[in-house]
Amino acid sequence: ELAQPYVSHPLFTVEAAKKASPLGAALAMWVRSVVAYKELALTLRPKTLVMEQKHDAYLVVAKQLVNAQEELDYAQSDVDSLQAEFEEAFAQKKRLQDETESTKRRMVAATALLEALEGEKARWTTDATLVEVQKQRVLGDCLVASCFLSFCGQLGPATIDKL
């Protein structure tokens, strides 16, 4: 602000100062550079403050992102373990369903076999009764056969053929 009237004066140029003294030209160049730097710094200072604030906000958000990513990783590991448990339970359910179906098929086959054999029960009961009767009669049948063979042993072949 104070240097502006001097810097904007038409005689305050590097060429005009060079005519007076080489050191004056350097001094004029330095003064102009300092004034330009000051104007630039005044222009950039609010932008720098905004940039620093945004950088601080970025650091906060970046930290929140890291925390959120850690939570997500933890949640994902939970989801993965639950998915593995689900798949294991589903496989066990499938295995049990297959076993149930197999057992049902065997039960149906056994029931059909029992129904088919139900008609045979009466015949087997009758056959078992006949076998019991035959067991009781076997001794007597053996004696009759033995007697017959003893009797036939004295007969000739022509007589045996007639019998």
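Anyway, here's the lowdown on the structure attached to this text. (Residues numbered from 1 in each chain as written. Predicted model: local features only at pLDDT ≥ 70, side-chain atom pairs only at ≥ 80, totals over all residues. Heavy atoms only, no water.)

## Observations regarding the overall build of the chain
Link 1 in the chain: Helices and strands together make up the secondary structure of the chain, namely four helices and zero strands.
Link 2 in the chain: Ordered by position from N to C terminus, the α and β elements of the chain give α-α-α-α.
Link 3 in the chain: Computed over the C-alpha atoms, the radius of gyration of the chain is 61 Å, more than 25% above the 15 Å expected from 2.2 N^0.38 for a compact globule of 163 residues.
Link 4 in the chain: With the principal axes as the frame, the chain shows a C-alpha extent of 180 × 30 × 20 Å.
Link 5 in the chain: Looking at the chain residue by residue over its 163 residues, the buried ones come to 4%.
Link 6 in the chain: On the chain, roughly 14500 Å² of surface is accessible, and the fraction owed to carbon and sulfur atoms is 66%.
Link 7 in the chain: Seen as two clouds, the 19 positive and the 23 negative side-chain charges of the chain have centres 7 Å apart. (Helix = DSSP H or I, 4+ residues; strand = E, 2+ residues; numbered from the N terminus. Rg over C-alpha atoms; globule rule 2.2 N^0.38 Å. Buried < 20%, exposed > 50% of the residue type's maximum accessible area, 1.4 Å probe, protein only. Areas by Shrake-Rupley, 256 points an atom, 1.4 Å probe, with all protein chains shown as cover. Lys, Arg positive; Asp, Glu negative; His and termini not counted. Charge placed at Lys NZ, Arg CZ, Asp CG, Glu CD.)

## Focus: the packing of aromatic side chains
Link 1 in the chain: Counting across every chain of the model gives one aromatic pair.
Link 2 in the chain: Ring geometry for Phe 86 and Phe 90: centres 6.1 Å apart, planes at 25°, overall stacked. Remark: Phe 90 and Phe 86 occur in helix α3 (residues 22-153); sequence separation between them is four residues, near one turn of the helix. (Phe/Tyr/Trp six-rings, centres within 6.5 Å; stacked < 30°, edge-to-face > 60°.)

## Digging into the state of the cysteines
Link 1 in the chain: Counted under the stated rule, the structure contains zero disulfides.
Link 2 in the chain: Cys 147 supplies the cysteine sulfur nearest to Cys 142, a cysteine that is in no disulfide, at a spacing of 11 Å. (Disulfide = S-S within 2.5 Å.)

## Notes on a nonpolar patch on the surface
Link 1 in the chain: Together, Leu 27, Trp 30 and Val 34 give the surface a local cluster of nonpolar side chains, amounting to about 320 Å² of exposed area.
Link 2 in the chain: Among the secondary structure elements, Val 34 is positioned in helix α3.
Link 3 in the chain: For Val 34, a relative accessible area of 38% gives the class partly exposed. (Patch = residues over 30% accessible without salt bridge, like charges linked within 9 Å, V, L, I, M, F, W, Y side chains within 5 Å. Salt bridge = Lys/Arg side-chain N within 4 Å of Asp/Glu carboxyl O.)

## So, the environment of Asp 127
Link 1 in the chain: By the element assignment, Asp 127 lies in helix α3.
Link 2 in the chain: Residue Asp 127 is classed as partly exposed on the basis of its relative accessible area of 32%.
Link 3 in the chain: The spatial distance from the C-alpha of Asp 127 to the C-alpha of Glu 88 is 56 Å, given a sequence separation of 39 residues.

## Examining the pattern of salt bridges
Link 1 in the chain: Taken as a whole and judged by the stated rule, the model has four salt bridges.
Link 2 in the chain: The closest approach of N and O atoms between Asp 98 and Lys 94, which form a salt bridge, is 3.3 Å. Placement of the pair is Asp 98 and Lys 94 together in helix α3, with a separation of four residues, close to one helical turn.
Link 3 in the chain: The class of Asp 98 is partly exposed, set by a relative accessible area of 41%.
Link 4 in the chain: Take Lys 94: its relative accessible area is 44%, and that puts it in the partly exposed class.
Link 5 in the chain: Put simply, Arg 123 and Glu 120 hold a salt bridge, and the shortest N to O gap is 2.6 Å. With Arg 123 and Glu 120 both in helix α3 and three residues apart, the pair spans about one turn of that helix.

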